[in-house]
Amino acid sequence: MTRDTSPITGGSTVADGHTALTEADELADLRVERTPRPGRWIAIAVILVLVAMLGHALVTNARFQWSVVGQYLFNGFIFGGILRTLELTGLAMLIGVLGGIGLAVARLSENPILSYMSRLYIWFFRGTPVLVQVLILFNLSALFPRLSLGIPFGPDFISGSPNTFLQAFTTAVIALGFNEAAYMAEIVRGGLLAVHPGQRDAASAIGMTRLKSMRYIVLPQAMRIIIPSTGNEVIGMLKNTSIVSVIALPELLFSAQIIYSRTYQTIPLLLVASIWYLVMTTVLTLAQTRLERHYGRSDRSTATGVRSWSLLRSVRTSMPNRGATQ
Amino acid sequence: MTTPAAPLVRAQKVHKSFGQVEVLRGIDLDVYSGDVLCIIGPSGSGKSTFLRCINHLEKIDSGLLMLDGKPIGYRRRGNTLRELKDRDLATFRSQVGMVFQHFNLFPHKTALQNITEGPIRVKGISPTAARAEAEQLLERVGLAKFGAKYPRQLSGGQQQRVAIARALAMHPKLLLFDEPTSALDPELVGEVLEVMRDLARDGMTMIVVTHEIGFAREAASNLIFMDEGIIIEQGDPREVISNPHHERTKAFLSAVL
Ligand SMILES: Nc1ncnc2c1ncn2[C@@H]1O[C@H](COP(=O)(O)OP(=O)(O)OP(=O)(O)O)[C@@H](O)[C@H]1O
Ligand SMILES: [Mg+2]
């Protein structure tokens, strides 16, 4: 797209008046004209008008109440919600990743019972809505408070009355984490299966046990596939945590809801929540892009038709680490 | 070749099926220390399967397969054989090197790391010592300057030579080669065969599945022609190649030569 202003060939300008120009020389000095694209301009114009209308509506429509948005954007209660959303995301993903690895290994194991149980688990948790799972677990925990609190962290983690904040939080972490484990299991399994079986053979042939082969040979290669997809899951999880507002857990969305249930400033507070979700997902997406670039590196350079931009990019990303030392 | 009393590898009536298909239908074979055994035969005749059975990457269904007088992959317990535990199996396999058709180098490790991985992780040798030996091995396969390269930066022939060095790093009693040159461009075959000839000269015991009849003729001490899961013909390689007795051997040789 930069070719429009540069001559086709670099050097041959008319330096010598004595030599007559051949046709090829003449052609070489011509500039390439930009191809007219009227459709593109029309599209840009239409989009600009639409954006202007939208912006106008956003700014002038009183219902958005931007002053209220500004008032609550850095509100302490909202910050508490953000923090809880991040905690939920982190803990649920931790359960999801560890559970996912376990489920994937079980699914691929030679033990038919393990494999079957893993499939059953994945079938159930992927086949029912996470909202329903949250509600079921929450209501079960109300019926058997001690039981539900006893599952994850030992029996005496919490000994409180049902429906306390901690109970809602534990329910949320478990429900989101268990659901995530089912999805992570498929991602991990995909990663493990993508490693060529010859790699396991080669690891066995030099005398590695199954565990060593998994740890030093198979998993590191599977990570190239698992990690970028896990990044996607984190972003999804961050948004999914809003679901647990239904069990009155004051994460970001429910915090906003608590405020507007008092002040009736519904739209501005939903905007506040949206803005913070956008900020968080944007940060995560940027991190995710870097991760993908990092882990995609060796794939790109093995591809046969490497395009120049990806070459440039892979050179840039591989500079700081030892992958570049040859 | 001295004549040791017991064979290093002994196969007796080895049978192996995949589902309904019987791939090995009674293999009898002895390989002595220092032997270079070449196995030839048409595609699907069970050559790879037999090789994989020798380091228990595949389990045999019946018969006996022994290395150094001990059953491969099993332990004797009274009158029965028990399959070895993962750890013991790994220890057993560390004595048998294997070189694959498609190299199977670890792509996330450099050439040097590919070679040191076994000594460090399996034998527990110090990284410094492992590295020093790996460099010697790289030199031996003619790749002294290539230690820091990743497999994808190497040609097929170079990758296969690294794979041979990786196998040698474990000081195996026996080296198995499964068509080590058939995934290579023709001009790269020579450099790999050269390394293998060196190993043969140094007295390494090798079982080589190959279509390189020239290599078999010069380097092998014994040649086997396999078809449909049985050994059709075996003997001195020059003799078998120039004067095959069986029709199937003749047909196969005239097709490859
Ligand atoms: N894991 C497996 N599962 C099912 N069938 C298999 C498996 N491995 C090999 N076979 C079958 O066993 C037969 C023998 O295969 P094998 O790879 O041992 O032959 P080969 O002599 O090495 O042939 P090639 O020269 O093509 O490598 C083939 O018919 C193959 O399809
Ligand atoms: Mg084969």
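All values reported here derive from a predicted model rather than from experimental measurement.

1. Description of the overall build of chain B
If you tally the helices and strands in chain B, you get nine helices and twelve strands. Along the three orthogonal principal directions, the C-alpha set of chain B runs to about 50 × 50 × 40 Å. Per-residue burial for chain B yields a buried fraction of 53% across its 257 residues. Pairs at least 24 residues apart make up 65% of the contacts formed inside chain B by residues separated by at least 6 positions. Charge separation in chain B, taken as the distance between the mean sites of 32 positive and 30 negative side-chain charges, equals 8 Å.

2. Topic: the packing of aromatic side chains
All told, the structure shown has seven aromatic pairs over all chains when counted by the stated rule. On the numbers, 5.7 Å between centres and 65° between planes, the contact of Phe 79 of chain A with Trp 276 of chain A is edge-to-face. Of this pair, Phe 79 of chain A sits in helix H4 (residues 76-108) while Trp 276 of chain A sits in helix H12 (residues 266-302); the two residues are 197 residues apart in sequence, bridging distant segments of the chain. Residue classification places Phe 79 of chain A among the partly exposed positions, given a relative accessible area of 37%. Owing to a relative accessible area of 15%, Trp 276 of chain A belongs among the buried residues under this scheme. Ring pairing ties together the aromatic residues Tyr 121, Phe 124, Phe 125 and Phe 178 of chain A, which thus form one cluster. Note that Arg 121 of chain B overlies the ring of Tyr 216 of chain A, its terminal NZ or CZ placed 3.7 Å from the centroid.

3. Quick word on the side chain of Ser 242 of chain A
Within the secondary structure, Ser 242 of chain A sits in the loop between helix H10 (210-240) and helix H11 (252-263). Setting aside anything within four residues of it in sequence, one finds Ser 242 of chain A in contact with Glu 251, Leu 253 and Tyr 277 of chain A.

4. Quick notes on the state of the cysteines
Counted according to the given criterion, the structure contains zero disulfides over all chains. Lacking any disulfide linkage, Cys 38 of chain B is separated from the closest cysteine sulfur, that of Cys 53 of chain B, by 19 Å.

5. Concerning the pattern of salt bridges
Note that side chains of opposite charge can pair when their charged atoms are close. All names here are of chain B. What the rule picks out here adds up to 19 salt bridges over all chains. The residue Glu 194 makes a salt bridge to Arg 197 at a minimum N-O spacing of 3.4 Å. Of this pair, Glu 194 and Arg 197 are both found in helix H6 (residues 186-201), three residues apart, which corresponds to roughly one turn of the helix. Glu 194 gets classed as partly exposed once you look at its relative accessible area, which sits at 37%. With a closest N to O distance of 3.9 Å, Glu 194 and Arg 201 form a salt bridge. Linked by salt bridges that have partners in common, Glu 194, Arg 197, Asp 198, Arg 201 and Glu 218 make up one network.

6. Digging into the environment of Gly 73 of chain B
All names here are of chain B. In this structure, Gly 73 sits in the loop between strand S5 (70-71) and strand S6 (74-77). Gly 73 sits 13 residues away from Asp 86 along the chain, and the two C-alpha atoms are 9.6 Å apart. When neighbours within four sequence positions are excluded, Gly 73 is seen to be in contact with His 56, Arg 82, Glu 83, Leu 84 and Leu 89.

7. Digging into the pairing of strand S1 (residues 9-18) of chain B
All names here are of chain B. With eight bridges joining them, S1 and strand S2 (residues 21-31) adopt antiparallel strand pairing. From the neighbouring strand, Lys 16 faces S2, where its bridge partner is Leu 24. Count of turn residues in the S1/S2 antiparallel hairpin: two residues, of which Gly 19 carries a positive phi of about 60°. With five bridges joining them, S1 and strand S4 (residues 62-67) adopt antiparallel strand pairing. Among the inter-strand pairings, Ala 11 is bridged to a residue of S4, identified as Leu 65.

8. Description of unusual backbone geometry
Most peptide bonds take the trans configuration, and most residues that are not glycine carry a negative phi. All names here are of chain B. For Asn 104, which is not glycine, the phi torsion reads 50° and is therefore positive. The topology assignment puts Asn 104 in the loop between strand S8 (96-99) and helix H3 (111-121). Residue classification places Asn 104 among the buried positions, given a relative accessible area of 9%. With a phi close to 40°, Glu 179 is a non-glycine residue in the positive phi region. On the secondary structure map, Glu 179 appears in the loop between strand S9 (174-178) and H6. Glu 179 gets classed as buried once you look at its relative accessible area, which sits at 12%.

Cut-offs and rules
Residues numbered from 1 in each chain as written. Chains lettered and ligands numbered in written order. Predicted model: local features only at pLDDT ≥ 70, side-chain atom pairs only at ≥ 80, totals over all residues. Heavy atoms only, no water. Helix = DSSP H or I, 4+ residues; strand = E, 2+ residues; numbered from the N terminus. Buried < 20%, exposed > 50% of the residue type's maximum accessible area, 1.4 Å probe, protein only. Contact = heavy atoms within 4.5 Å. Lys, Arg positive; Asp, Glu negative; His and termini not counted. Charge placed at Lys NZ, Arg CZ, Asp CG, Glu CD. Phe/Tyr/Trp six-rings, centres within 6.5 Å; stacked < 30°, edge-to-face > 60°. Lys NZ or Arg CZ within 6 Å of the ring centre and 35° of its normal. Disulfide = S-S within 2.5 Å. Salt bridge = Lys/Arg side-chain N within 4 Å of Asp/Glu carboxyl O. Pairing = 2+ DSSP bridges.

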